[in-house]
Amino acid sequence: MFKQILLTAAVLSVSISTAFATTTIGGATLTDTATVNSGTVTPTSYLSYVSGGNGATGWADGSTYGSDGFTAAAAMSSADHHWLQYDPAILVYSPAALSSVLAIPAIDHGWNADNTGEFWEPFEFRIYGSDSSGALLEEGHITSVWARGVDDTSALKNADDWSSQWSFTGSYNYFAVVSGDRLVGGPWSAGEGEIDAIAAIPEPETYAMLLAGLGLIGFAARRRKQ
């Protein structure tokens, strides 16, 4: 039975992952060694806005963009394609301590079909593990990138391309978003980009448990048929 579970998990993991190892994003090089996935990612809970941002909020729908009257907290509440700019740092909070978070950007201009029009904009920030005071305790590193963000099913689909997972050696309840490029070799302005939301995503162990559970369900179903 254990061999069957492992085989099922392996098949499922291949079918849901379209990742390939690379550090090239658009026409530039990522400073982190990351896995780039061609598809989308599904976030779990969103981290809560605490403070920060320069007060500029707006929206981006995949074909145009503009400013709006959202509060900073509303702009950061979910992956809804509303954005908040940083400087000063944006501080967010998670009830559970996390060792990785998902950064969902909001590309506010320059879309095109192959995601290269503004490929640098989702990488114009850095995320730090922090405390309630906003102290920058540990800089995270990008370990995974999803080229199609979290939404690839509507006119909004390009506004969150290149969503990225930031990983840390420690676990934190607070995270701070500050300006700073993660790409080299491209035409950008440091800190100009926008952030839509910071979210939690399942840890690799959670995926493994899910796959094992699916394998057990499939095995039990076959046993019942027999």
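My aim in this report is to walk through the structure given alongside it, one point at a time. (Residues numbered from 1 in each chain as written. Predicted model: local features only at pLDDT ≥ 70, side-chain atom pairs only at ≥ 80, totals over all residues. Heavy atoms only, no water.)

Residue position: Gln 165 is located in strand E11 (residues 163–179). Note on Gln 165: relative accessible area 12%, which makes it buried. Setting aside anything within four residues of it in sequence, one finds Gln 165 in contact with Ser 100, Val 101, Leu 102, His 141, Ile 142, Thr 143, Ser 144, Trp 146 and Ile 201. (Helix = DSSP H or I, 4+ residues; strand = E, 2+ residues; numbered from the N terminus. Buried < 20%, exposed > 50% of the residue type's maximum accessible area, 1.4 Å probe, protein only. Contact = heavy atoms within 4.5 Å.)

With that settled, the discussion passes to the pattern of salt bridges. For the structure shown, the criterion picks out three salt bridges. With its nearest N and O atoms 2.6 Å apart, the salt bridge here joins Asp 32 to Arg 182. One end of the pair, Asp 32, is in strand E2 (residues 28–37); the other, Arg 182, is in the loop between E11 and strand E12 (183–184), with 150 residues separating them in the sequence. Relative accessible area serves as the criterion here: at 5%, Asp 32 is assigned to the buried category. On the accessibility criterion, Arg 182 (3% relative accessible area) is buried. Between Arg 126 and Glu 139 there is a salt bridge whose closest N-O contact spans 2.6 Å. Of this pair, Arg 126 sits in strand E8 (residues 125–130) while Glu 139 sits in strand E9 (residues 136–139), and the two are 13 residues apart along the sequence. Using a relative accessible area of 26% as the deciding quantity, one classes Arg 126 as partly exposed. When salt bridges with common partners are traced through the structure, they connect Asp 32, Arg 126, Glu 139 and Arg 182 into a single cluster. (Salt bridge = Lys/Arg side-chain N within 4 Å of Asp/Glu carboxyl O.)

Everything listed here is a matter of coordinates, which is why it stays silent on function.
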